[in-house]
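# Chains, contacts and geometry: an overview
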Amino acid sequence: MVQAKTWVLKQHFEGFPKHTDFELKLEQLSEPRDGEVLLEAVFLSVDPYMRPFSRVRMQAGDVMIGTQVAKVIQSNSPSFPVGCHVVGRCGWRTHTVSNGSDITKILDDWPQDVSLSHALGAIGMPGLTALYGLEEVCAIKSGETLLVNAAAGAVGSVAGQIAKLKGCKVVGSAGSDDKVAYLKELGFDQAFNYKTVPSLEEVLKNASPEGYDCYFENVGGPFSSVAIPQMKTFGRIAVCGGISLYNDTTPQTGPYPHLQMIFKQLKMEGFLVGRWEHKNVESLKRMLTWVQEGKLKCKEHVTVGFENMPAAFMGMLRGENIGKAIVKV
Ligand code: NDP
């Protein structure tokens, strides 16, 4: 019988998560039955959504939500033979018995020289988020100017690079000088450290005096209040995330964007990556090809050890990661 290690949400987060909000627990797994498989986690993802989703999708005592790349180590399902790798919505656990409904096999032609961990990053959910935010929500076109914040992170770094591939001008904001240097390495036209610039408004105006056609919003809050007035008429804003709001205990208020949106006739649309799930296989193949051709770079911030999941999660929320935050078991 296999014993799984799991990380449980001991109590709901109040403000910024704390170590004491998590508890490491052991769970005895039953033998996989007909149609079921036993999975062993190889890489686990820590993502910003876990913070707001924990409040709406979880009860205290539940295993933390999340995806992982796992290896099938026992199988009673012809769809998932022993040795194959899957992306699974298993939560923060080292081992899982799955009936197949919450796992997806990694692309058949996944190359040997590309780490499977990228299936949680650029060639996975965050990469798809970047792609769909630009193509489906912003409908970005060659020659347009994009603003993206949290730009050195998993989603932002891919969004900026895809926009460059499409022939756009890209301006990115991030929270350290190392991150800014990375954005320049990726080919961003302009990049700045939002924590140290004397005036966000000035820096946005200087980076693109004519304004922005598209804004890939990952942060929300005060950044957004300064960015929205910099949009061009008929600008499009893809509201992907609002990480500056996730740990608030009291909701932040205004300035409100209504007048800017009316006078500039802006389109602002929130989205969840799952809306275009039917396109995922084709989209992941496109992303994988870009990675193989060297057109899409995907850096990772890897924390080693399942016992360090909470630290990796909190570190990502604090901005310690350049690229995708991953835990290697
Ligand atoms: P990242 O890899 O970008 O990691 C989070 C980053 O957010 C940190 O590194 C930090 O970078 C930045 N950050 C943290 N706190 C603040 C703050 N108060 N103000 C500004 N920046 C902050 O995460 P992801 O790429 O995985 O996610 C980016 C955004 O996309 C998130 O808002 C997430 O919720 C959203 N998302 C939405 C999806 C959807 O379907 N709509 C799917 C996936 C992600 P820095 O050092 O630059 O501050």
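Whatever comes next refers back to the structure up there.
This write-up is about the structure you can find in this document.

Calculation criteria
- Residues numbered from 1 in each chain as written.
- Predicted model: local features only at pLDDT ≥ 70, side-chain atom pairs only at ≥ 80, totals over all residues.
- Heavy atoms only, no water.
- Axes fitted to C-alpha atoms, helices over the stretch in contact; angles between N-to-C directions.
- Helix = DSSP H or I, 4+ residues; strand = E, 2+ residues; numbered from the N terminus.
- Parallel < 35°, antiparallel > 145°, perpendicular 65-115°, else oblique.
- Contact = heavy atoms within 4.5 Å.
- Nonpolar A, V, L, I, M, F, W, Y, C, P; charged D, E, K, R; others polar.
- Pairing = 2+ DSSP bridges.

Further remarks concern the packing of helix α2 (residues 125-138) against helix α8 (residues 280-292). Following both chains from N to C, one finds α2 and α8 inclined at 105°, their axes separated by 10 Å at the closest point. Considering the angle they form, α2 stands roughly perpendicular to α8. For the pair α2 and α8, the contacting residues are Gly 127, Leu 128, Leu 131, Tyr 132 and Glu 135 in the first and Asn 280, Ser 283, Leu 284, Arg 286, Met 287 and Trp 290 in the second. For the contact of α2 with α8, the residue count by class is 6 nonpolar, 3 polar and 2 charged.

The subject of this paragraph is the sheet that holds strand β8 (residues 145-148). Strand order in the open sheet formed by 6 strands is β10-β9-β8-β11-β12-β13, and the pairing between neighbours is parallel. Since the sheet does not close on itself, it has two edges, and those belong to β10 (190-193) and β13 (267-270), each with one partner. Within the sheet, the average angular offset between the axes of one strand and its neighbour, ignoring direction, is 15°. In the sheet, β8 pairs with strand β11 (residues 212-217) via 3 bridges, with the strands oriented parallel. Bridge pairing in β11 places Leu 146 opposite Cys 214. In the packing of helix α4 (residues 177-185) onto the sheet, contacts are made with β9 (169-174) and β10, and the angle to β10 comes to roughly 175°.

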